[in-house]
Amino acid sequence: MTPDRLNPGPASDPAPCRVTVCRDCCCGTPKLPGVDHEAQTTRLQSLVPTRISTCLDACDQANVIVVQPSAAGRAAGARPVWLGLVNDPDATEDIATWVRSGGPGIAPMPPILDLYLFTPPARRTSP
């Protein structure tokens with residue numbers, strides 16, 4: 001038996017806590033000068049499961065990061081947490097630390113992240 005099977009760790013979670021980073025028309029572009037978008041994305045990818053998304057339709061909150069709960073977090077009643085205006089490397093580190101601690105439904109959100117918390121736009125429906 002391999003060590004991974006003896007102690008699978010968080011990577012074996014069928015649906016781990018992860019982040020989705022918007023990188024489209026506003027988020028991750030020169031429209032937000034002075035932000036190193038590539039460094040932010042690279043840093044998150046080096047620390048936590050990260051998915052890059054096209055526009056999340058919350059351009060007024062660029063850069064948008066959505067923290068999605070793990071399967072255990074969802075079982076505890078957690079929902080995705082939308083964070084906007086994440087344009088500071090310290091905020092990126094705070095998000096990564098929270099996700100690594102378990103994220104929504106598992107670990108309390110650091111109070112500093114309340115500054116970035118917002119309600120996502122309603123999903124548009126076709127007539």
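Analysis parameters
Residues numbered from 1 in each chain as written. Predicted model: local features only at pLDDT ≥ 70, side-chain atom pairs only at ≥ 80, totals over all residues. Heavy atoms only, no water. Axes fitted to C-alpha atoms, helices over the stretch in contact; angles between N-to-C directions. Helix = DSSP H or I, 4+ residues; strand = E, 2+ residues; numbered from the N terminus. Parallel < 35°, antiparallel > 145°, perpendicular 65-115°, else oblique. Left-handed = near helix turned anticlockwise from the far one by under 90°. Contact = heavy atoms within 4.5 Å. Nonpolar A, V, L, I, M, F, W, Y, C, P; charged D, E, K, R; others polar. Buried < 20%, exposed > 50% of the residue type's maximum accessible area, 1.4 Å probe, protein only. Polar contact = N/O pair within 3.5 Å; in protein donor to acceptor, adjacent residues only side chain to side chain.

Draft legend 1. Molecular detail of the packing of helix α2 (residues 37-47) against helix α4 (residues 89-101). With their axes 10 Å apart at the nearest point, α2 and α4 run at an angle of 15° to one another. With respect to their mutual orientation, α2 and α4 come out roughly parallel. Relative to α4, the crossing made by α2 is right-handed. Contacts between α2 and α4 pair Q40, R43, L44 and L47 from the former with T92, E93, A96 and R100 from the latter. Tallied by class, residues from the contact of α2 with α4 come to three nonpolar, two polar and three charged.

Draft legend 2. Quick look at the side chain of T20. Looking at where T20 falls in the secondary structure, it is placed in strand β1 (residues 18-22). Take T20: its relative accessible area is 2%, and that puts it in the buried class. A distance of 3.2 Å separates polar atoms of two side chains, one belonging to T20 and the other to Q68.

Draft legend 3. Representation of the side chain of T29. With respect to the secondary-structure elements, T29 resides in the loop between β1 and α2. According to the relative accessible area criterion, T29 is buried, its value standing at 14%. A distance of 2.9 Å separates a polar atom in the side chain of T29 from the backbone oxygen of C26. Setting aside chain neighbours within four positions, we find T29 in contact with D24 and H37.

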